[in-house]
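Report on the structure
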Amino acid sequence: SAFESFLNKIQEKVKTENSEPIELVLAGDIFDFDGVNQLPEKKRFRMNWLEKRRGLNPEERKSRYKIKLIIHDHPIFFRALGNFLRSGNRVIFIIGNHDLELHWPSVQRAILNSMQLTPAEESRVRFNNWFYISNKDTLIEHGNQHDSHSNCQNPINPKIRGPNKERIRLPFG
């Protein structure tokens, strides 16, 4: 894949220049949870009529189901990231407006598990809310907070308590 080739090429360049390990920053919307509208074949959880038409709500169990589908459909991406991390590099996920469901710990765990990493390799993966400061001098944001249709009311902790369950408050956009 092009992504896997890109990672291999930048690693080769770093090796020839004897540089430090690479910090790959994935600046949001890496996973489009909104685009997952496939429903489970077996009834795993309650779904209202709207979920059956537009996709599952952003509740933790349902978000975990969605990330498992994403992982299943993109094995090359996760294999490439895993190999990149095993080479001593770092990966930073900045959470964007289309992948706010990365706030769930079990969704993050599913991503880490998909790459079959050791605890040391896992320590080089970060999931950041909204923005990241790289090398103490470079601000990297997804950018949705600057768009009135896509910004989150609370990008640090977008979880809200509904009548029965906790869920992620998704922005309009």
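See the structure printed just above.
The paragraphs below set out a description of the structure included in this document. (Residues numbered from 1 in each chain as written. Predicted model: local features only at pLDDT ≥ 70, side-chain atom pairs only at ≥ 80, totals over all residues. Heavy atoms only, no water.)

Overview of the pattern of salt bridges
Using the following cut-off: Any Lys or Arg side-chain nitrogen located within 4 Å of an Asp or Glu carboxyl oxygen qualifies as a salt bridge. Per the convention used, a helix needs a DSSP run of H or I reaching at least four residues, while a strand needs a run of E reaching at least two, with both numbered from the N terminus. The buried label goes to any residue with under 20% of its type's maximum accessible area, the exposed label to any with over 50%, and the partly exposed label to all in between, with areas taken from a 1.4 Å probe on protein chains only.
For the structure on display, the rule yields seven salt bridges. The shortest N-O distance in the salt bridge between arginine 90 and glutamate 23 comes to 3.3 Å. Of this pair, arginine 90 sits in strand 2 (residues 90-95) while glutamate 23 sits in strand 1 (residues 23-27), and the two are 67 residues apart along the sequence. By relative accessible area, which is 24% here, glutamate 23 ends up partly exposed.

Re the packing of aromatic side chains
Each aromatic ring pair is characterised by the separation of its centres together with the angle its planes make. For the record, the criterion: Any two of the Phe, Tyr and Trp rings considered here, Trp counted by its six-membered ring, make a pair once their centres fall within 6.5 Å; the pair's planes then place it as stacked at under 30 degrees, edge-to-face at over 60, or tilted in between.
The tally for this structure, following the rule as stated, stands at seven aromatic pairs. Measuring from centroid to centroid gives 6.1 Å for phenylalanine 31 and phenylalanine 77, while their planes differ by 90 degrees, and the two rings are edge-to-face. Of the two residues, phenylalanine 31 sits in the loop between strand 1 and helix 2 (49-54) while phenylalanine 77 sits in helix 4 (residues 75-86), which places them 46 residues apart along the sequence. A relative accessible area of 3% places phenylalanine 31 in the buried class. Between phenylalanine 45 and tyrosine 65 the ring centres are 6.1 Å apart and the planes differ by 80 degrees, which places this aromatic pair in the edge-to-face class. Remark: tyrosine 65 occurs in helix 3 (residues 60-73) and phenylalanine 45 occurs in the loop between strand 1 and helix 2; sequence separation between them is 20 residues. For the residue pair phenylalanine 45 and tyrosine 65, the accessibility class agrees, reading buried in each case. An aromatic cluster of three or more residues is present, and its members are Phe3, Phe31, Phe77, Phe78, Phe93 and Phe127.

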